[in-house]
Amino acid sequence: MKGFLHQLFDYNFYCNKKLIEQCAEMETVSGTCTKLFSHILNAHHIWNHRIVGKPHAFKVWQLHEVEAWGDIHYENQRTSFEIITNADDFGKRIDYENSQGRTYANDLKDILFHIVNHSTHHRGQILMDFRASGMEPEPLDYIFYKR
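Residues numbered from 1 in each chain as written. Predicted model: local features only at pLDDT ≥ 70, side-chain atom pairs only at ≥ 80, totals over all residues. Heavy atoms only, no water.

A. Inspection of the overall build of the protein at higher detail. Looking only at helices and strands, one finds five helices and two strands in the protein. The secondary structure elements of the protein, listed N-terminal to C-terminal, are α-α-α-β-β-α-α. For 147 residues, the compact-globule estimate of 2.2 N^0.38 gives 15 Å, and the protein sits close to it at 15 Å. The dimensions of the protein, computed from C-alpha atoms along their principal axes, are 45 × 35 × 20 Å. A burial count over the protein gives 44% of its 147 residues as buried. Sequence-distant contacts in the protein: of pairs separated by 6 or more residues, those separated by 24 or more amount to 69%. (Helix = DSSP H or I, 4+ residues; strand = E, 2+ residues; numbered from the N terminus. Rg over C-alpha atoms; globule rule 2.2 N^0.38 Å. Buried < 20%, exposed > 50% of the residue type's maximum accessible area, 1.4 Å probe, protein only. Contact = heavy atoms within 4.5 Å.)

Here is the structure:
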């Protein structure tokens, strides 16, 4: 399980890094892209903090400047790898409160998978925004990453 989760988070890191690099080269990053990528970073940060039981520093839809994306992304990845590496039981239930103040509990493995899946979903939206702007994005499918 640890090995597979490390691979998924490597893939997530790779894809996000590609988008950060592509956006850093743009003269102007669209508001849609900024909103969605900031949300990817915020959600990852919030889930990590829920898992480790610490207060989070970001709001769900808080915007970040493109120049800050790399540092936030790196810290998210470092924390997730630490969580995975130190986990003894991926079936452990994590109690948390969502952004509306409702309490829930989910298995650690499900939360970790959700982080990657959530990021993939919003990266797809960002790539559609790129295409609508006339840009051809790099393919970020998992199978391309594994080749």
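Structure's up, so let's keep going.
B. View of the packing of aromatic side chains. Scanning the model with the defined rule gives seven aromatic pairs in all. An angle of 90° between the planes, with centres 4.9 Å apart, marks the rings of Tyr 11 and Tyr 142 as edge-to-face. Placement of the pair is Tyr 11 in helix H1 (residues 2-24) and Tyr 142 in helix H5 (residues 142-146), with a sequence separation of 131 residues. Among the aromatic residues, those joined into a ring-pair cluster are Tyr 11, Tyr 14, Tyr 142 and Tyr 145. Seen from the ring of Trp 47, Arg 50 lies directly overhead, with NZ or CZ sitting 4.4 Å from the centre. (Phe/Tyr/Trp six-rings, centres within 6.5 Å; stacked < 30°, edge-to-face > 60°. Lys NZ or Arg CZ within 6 Å of the ring centre and 35° of its normal.)

C. A look at the nonpolar core. Core analysis: the largest hydrophobic core is formed by 20 residues, its most contacted members being Cys 23, Phe 37, Trp 69, Ile 126 and Phe 130. The set of elements that each furnish at least two residues to this core consists of H1, helix H2 (31-52), helix H3 (66-86) and helix H4 (108-132). When residues no more than four places from it in sequence are discounted, the contact partners of Cys 23 are Val 29, Cys 33, Val 66, Trp 69 and Phe 130. Leu 108, Leu 112, Ile 115 and Val 116 belong to the second-largest nonpolar core, a separate cluster that totals 16 residues. (Core = buried A, V, L, I, M, F, W, Y, C linked by side-chain atoms within 4.5 Å.)

D. View of the pairing of strand E1 (residues 93-97). Only one face of E1 is covered, namely the one carrying Ile 94 and Tyr 96; the face carrying Arg 93, Asp 95 and Glu 97 has none of its residues buried. Inspection of the sheet shows E1 paired to strand E2 (residues 103-107) by five bridges, in the antiparallel sense. Counted as the bridge partner of Asp 95 is Ala 105 from E2. Adjacent in sequence and paired antiparallel, E1 and E2 are bridged by five residues, among which Gly 101 carries a positive phi angle near 85°. (Pairing = 2+ DSSP bridges.)

E. Region of interest: H2. Spanning 22 residues, H2 covers 32 Å between terminal C-alpha atoms, matching the ideal 32 Å at 1.5 Å per step. Counting buried residues in H2 gives 18 out of 22 residues, a clear majority hidden from the surface. Two residues or fewer past H2, Gly 53 is found with a positive phi of approximately 75°. (Expected span 1.5 Å × (residues − 1).)

F. The pattern of salt bridges, seen in detail. With the rule as written, the count across this model stands at seven salt bridges. The residue Glu 21 makes a salt bridge to Lys 17 at a minimum N-O spacing of 2.9 Å. On the criterion of helical spacing, the pair formed by Glu 21 and Lys 17 is a turn pair, its members being four residues apart in helix H1. Judged by relative accessible area, which is 38%, Lys 17 ranks as partly exposed. Close ionic contact of Glu 138 with Lys 18 constitutes a salt bridge, the shortest N to O distance being 3.6 Å. Residue Glu 138 is located in the loop between H4 and H5, and its partner Lys 18 is located in helix H1; the two are separated by 120 residues in the primary sequence. (Salt bridge = Lys/Arg side-chain N within 4 Å of Asp/Glu carboxyl O.)

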